[in-house]
Amino acid sequence: MALTREEREQFLAEPHVAALAVDAQEEGRAPLTVPIWYQYEAGGDLWIMTGRDSRKGTAIAAAGRFSLMVDRVSPTVRYVSVEGPVTDTSPATRELLTEISSRYLPADKVEAYVDFAWKSHGEQVVIHMRPEHWLSTDLGAF
């Protein structure tokens, strides 16, 4: 059964690891699909952080849009897929890295991870996407 707007937005707002898909921009290649952390608040745009010159960063810049899919298998099988245009790309900040890391990591691990990532991952960008097309379902209890 399809989710209501409120259900799908709430589900997307939960801290799932997403599967990002974007046109690979390479002849003979399927879309690039990789796991990624994301940030989203119901009703707004979502954002991801990635290397400016990473494969996904350059593919998103060329395509101008991407999709994310999040799912779970318990207590019911549920997924939300969202696709839309890039609305902004800006340099990452340490504050945004801390925000997104705090969403996924235990509080006592965030500072060490942020220190490591900020020093090791090279130039990062924050890419905002406006959800335009949604697919969602919950298969219910079996």
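For the structure, see preceding data.
Residues numbered from 1 in each chain as written. Predicted model: local features only at pLDDT ≥ 70, side-chain atom pairs only at ≥ 80, totals over all residues. Heavy atoms only, no water.

A. A look at the packing of helix 3 (residues 94-104) against helix 4 (residues 107-120). Contact geometry of helix 3 with helix 4 gives a least axis separation of 10 Å together with a crossing angle of 135°. It follows that helix 3 is oblique to helix 4 by the angle criterion. The way helix 3 lies across helix 4 gives a crossing that is right-handed. The segment helix 3 lies against helix 4, with Arg-94, Leu-97, Thr-98, Ser-101 and Ser-102 engaging Val-110, Tyr-113, Val-114, Asp-115, Ala-117 and Trp-118. A per-class count over the contact of helix 3 with helix 4 returns six nonpolar, three polar and two charged. (Axes fitted to C-alpha atoms, helices over the stretch in contact; angles between N-to-C directions. Helix = DSSP H or I, 4+ residues; strand = E, 2+ residues; numbered from the N terminus. Parallel < 35°, antiparallel > 145°, perpendicular 65-115°, else oblique. Left-handed = near helix turned anticlockwise from the far one by under 90°. Contact = heavy atoms within 4.5 Å. Nonpolar A, V, L, I, M, F, W, Y, C, P; charged D, E, K, R; others polar.)

B. Inspection of the packing of aromatic side chains at higher detail. All chains considered together, the criterion is met by three aromatic pairs. Seen from their ring centres, Trp-37 and Tyr-104 are 4.9 Å apart, and the 10° between their planes marks the pair as stacked. Of this pair, Trp-37 sits in the loop between strand 2 (32-36) and strand 3 (39-40) while Tyr-104 sits in helix 3, placing them 67 residues apart in sequence. On the basis of relative accessible area, Trp-37 is assigned to the partly exposed category, the value being 24%. Classification of Tyr-104 as buried rests on a relative accessible area of 18%. With a centroid separation of 5.6 Å and 55° between ring planes, the pair formed by Trp-37 and Tyr-113 is classed as tilted. Residue Trp-37 is found in the loop between strand 2 and strand 3, and its partner Tyr-113 is found in helix 4; the two are separated by 76 residues along the sequence. Given the relative accessible area of 25%, Tyr-113 is considered partly exposed. Ring pairing ties together the aromatic residues Trp-37, Tyr-104 and Tyr-113, which thus form one cluster. (Phe/Tyr/Trp six-rings, centres within 6.5 Å; stacked < 30°, edge-to-face > 60°. Buried < 20%, exposed > 50% of the residue type's maximum accessible area, 1.4 Å probe, protein only.)

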